[in-house]
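Close look at the chain arrangement
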There are 2 protein chains.
Amino acid sequence: PDWKQVEEDGEEKLQRQFKFANFAEALAFTNRVGDLAEDEGHHPALLTEYGKVTVTWWTHKIGGLHRNDFICAAKTDALFEER
Amino acid sequence: PDWKQVEEDGEEKLQRQFKFANFAEALAFTNRVGDLAEDEGHHPALLTEYGKVTVTWWTHKIGGLHRNDFICAAKTDALFEER
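Residues numbered from 1 in each chain as written. Chains lettered and ligands numbered in written order. Predicted model: local features only at pLDDT ≥ 70, side-chain atom pairs only at ≥ 80, totals over all residues. Heavy atoms only, no water.

**Focus on the side chain of Asp69 of chain B**
Residues and elements named next belong to chain B. Note the cut-off: Under the scheme used here, helices are H or I runs from DSSP no shorter than 4 residues and strands are E runs no shorter than 2 residues, and both carry numbers assigned from the N terminus. Relative accessible area decides the class of each residue, using a 1.4 Å probe on protein chains only: under 20% of the type maximum gives buried, over 50% gives exposed, and in between gives partly exposed. Only four residue types enter the charge count: Lys and Arg as positive, Asp and Glu as negative, with His and the chain ends excluded. Just to be clear on terms, a salt bridge is a Lys or Arg side-chain nitrogen sitting within 4 Å of an Asp or Glu carboxyl oxygen. Contacts: residue pairs with any heavy atoms within 4.5 Å of one another.
Structurally, Asp69 is set in helix α2 (residues 67–82). It turns out Asp69 is buried and unbridged, and the closest side chain with the opposite charge, Lys13, is 10 Å from it. If we skip the residues at most four places from it in the chain, Asp69 touches Leu14, His42, Trp57, Trp58, Thr59 and Gly64.

Written out as structure tokens, the structure is:
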């Protein structure tokens, strides 16, 4: 429910913003999601700001959302819960 | 010359996109700029994607650009040159 489906540059994407206490915690989460991306061989856009990270998953090759994007979104949520 | 002045949410910002060979190198640069941000006590927006990082500096408190944003932009360039 926390993921929004957004359209950017004509492509459907899954996007969620995660909140943190400060910049360092936000950047640590960015790195955790980055590790997940490397493990999956699938790479999101990660916007790191003071106290928040906005994660966007989509599949550029198909210009939109693949089942794998929803799986990666769920895995991102799990990383957030585990932190 | 590589930094553009952009307006977002009514605030003037300095923005530059840096290119890398892959996701891991992009994320490594995000971390280097993150360390700079912590050292400076001034925090940019860092958009990490496959092969690129978009860095945006501005001073939210004044709703635009302070001399320090230009200094941080120059320091970001130096990190890129040193990598």
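So much for the structure itself; the text now carries on.
**Quick look at the pairing of strand β4 (residues 52–57) of chain B**
Residues and elements named next belong to chain B. Here is the rule: Strand pairing follows a simple DSSP-based rule, namely that at least 2 bridges must link the two strands.
Of all the 6 residues making up β4, 5 are buried; the element is thus mostly covered by neighbouring parts of the structure. Across 6 bridges, strand β2 (residues 11–19) lies against β4 in antiparallel orientation. Counted as the bridge partner of Gln17 is Thr54 from β4. Across 5 bridges, the pairing between strand β3 (residues 45–49) and β4 is antiparallel. Counterpart to Leu47 in the pairing with β4 is Thr54.

**What about the packing of aromatic side chains?**
Applicable threshold: Whether two aromatic rings pair depends on their centres lying within 6.5 Å, for rings of Phe, Tyr and Trp, where Trp uses its six-membered ring; planes under 30 degrees apart make the pair stacked, over 60 edge-to-face, and the rest tilted. Our definition puts a charge over a ring when NZ of Lys or CZ of Arg is within 6 Å of the ring centre and also within 35 degrees of the ring normal.
Counted according to the given criterion, the structure contains 12 aromatic pairs over all chains. Ring geometry for Phe20 of chain A against Phe29 of chain A: centres 5.2 Å apart, planes inclined by 40°, an arrangement best described as tilted. Each member of the pair, Phe20 of chain A together with Phe29 of chain A, is buried. The interplanar angle of 50° and the centroid separation of 5.0 Å between the aromatic rings of Phe18 of chain B and Phe29 of chain B together place this pair among those described as tilted. Here Phe18 of chain B, found in strand β2, pairs with Phe29 of chain B, found in helix α1 (residues 23–40); they are 11 residues apart in sequence, far enough to count as distant. Each member of the pair Phe18 of chain B and Phe29 of chain B is classed as buried. The structure contains a cluster of three or more aromatic residues connected by ring pairs, namely Trp3, Phe18, Phe20, Phe29 and Phe80 of chain A. Over the ring of Phe80 of chain B we find Arg83 of chain B; its NZ or CZ atom is 3.8 Å from the centre of that ring.

**Remarks on the sheet that holds strand β4 (residues 52–57) of chain A**
The cut-off we apply is this: Here an axis means a line fitted to C-alpha atoms, over the contact stretch when the element is a helix, while the angle between two N-to-C directions is reported on a 0 to 180 degree scale.
The 8 strands are arranged β1(A)-β2(A)-β4(A)-β3(A)-β3(B)-β4(B)-β2(B)-β1(B) in an open sheet whose pairing can be described as antiparallel. Because the sheet does not close on itself, it has two edges, and the strands there are β1 (4–8) of chain A together with β1 (4–8) of chain B. Between one strand and the next, the sheet's axes are offset by a mean angle of 25°, whatever the strand orientation. In the packing of α2 of chain B onto the sheet, contacts are made with β2 and β4 of chain B, and the angle to β2 of chain B comes to roughly 5°.

**Concerning the pattern of salt bridges**
Residues and elements named next belong to chain B. Per the counting criterion, the structure on display carries 8 salt bridges over all chains. The closest approach of N and O atoms between Glu8 and Lys13, which form a salt bridge, is 3.0 Å. In this structure Lys13 comes out as buried when scored by relative accessible area, which is 3%. Glu40 serves as the salt-bridge partner of Lys75, at 2.6 Å between the closest nitrogen and oxygen.

**Considerations on the relation of the copies chain A and chain B**
We apply this condition: Only residues with pLDDT of at least 70 in both copies contribute their C-alpha atoms to the least-squares superposition of the copies.
Overlaying chain A on chain B yields an RMSD of 0.0 Å, the required transformation being a rotation through 180° with an accompanying axial translation of 0.0 Å. Viewed as a symmetry operation, the transformation between the two copies matches a two-fold axis. Using C-alpha coordinates, one finds that chain A approaches the rotation axis most closely at Leu47 of chain A, a distance of 2.1 Å. Looking at chain A, 100% of its interface residues are interface residues in chain B too, so the copies touch through the same face.

**Topic: the packing of helix α1 (residues 23–40) of chain A against helix α2 (residues 67–82) of chain A**
All names here are of chain A. Note the following rule: In this scheme the handedness of a crossing depends on how the near helix is turned from the far one: anticlockwise by less than a right angle means left-handed, clockwise means right-handed. Gly is put with the polar residues, along with every residue not named as nonpolar or charged; the nonpolar set is Ala, Val, Leu, Ile, Met, Phe, Trp, Tyr, Cys and Pro, and the charged set is Asp, Glu, Lys and Arg.
Running from N to C, α1 and α2 point in directions that differ by 140°, and their axes come no closer than 10 Å. The way α1 lies across α2 gives a crossing that is right-handed. Contact with α1, carried on its side by Phe29, Arg32, Val33, Leu36 and Glu40, involves Asn68, Cys72, Lys75, Thr76, Leu79 and Phe80 of α2 and no other residues of that element. Taken together, the residues of the contact of α1 with α2 break down into 6 nonpolar, 2 polar and 3 charged.

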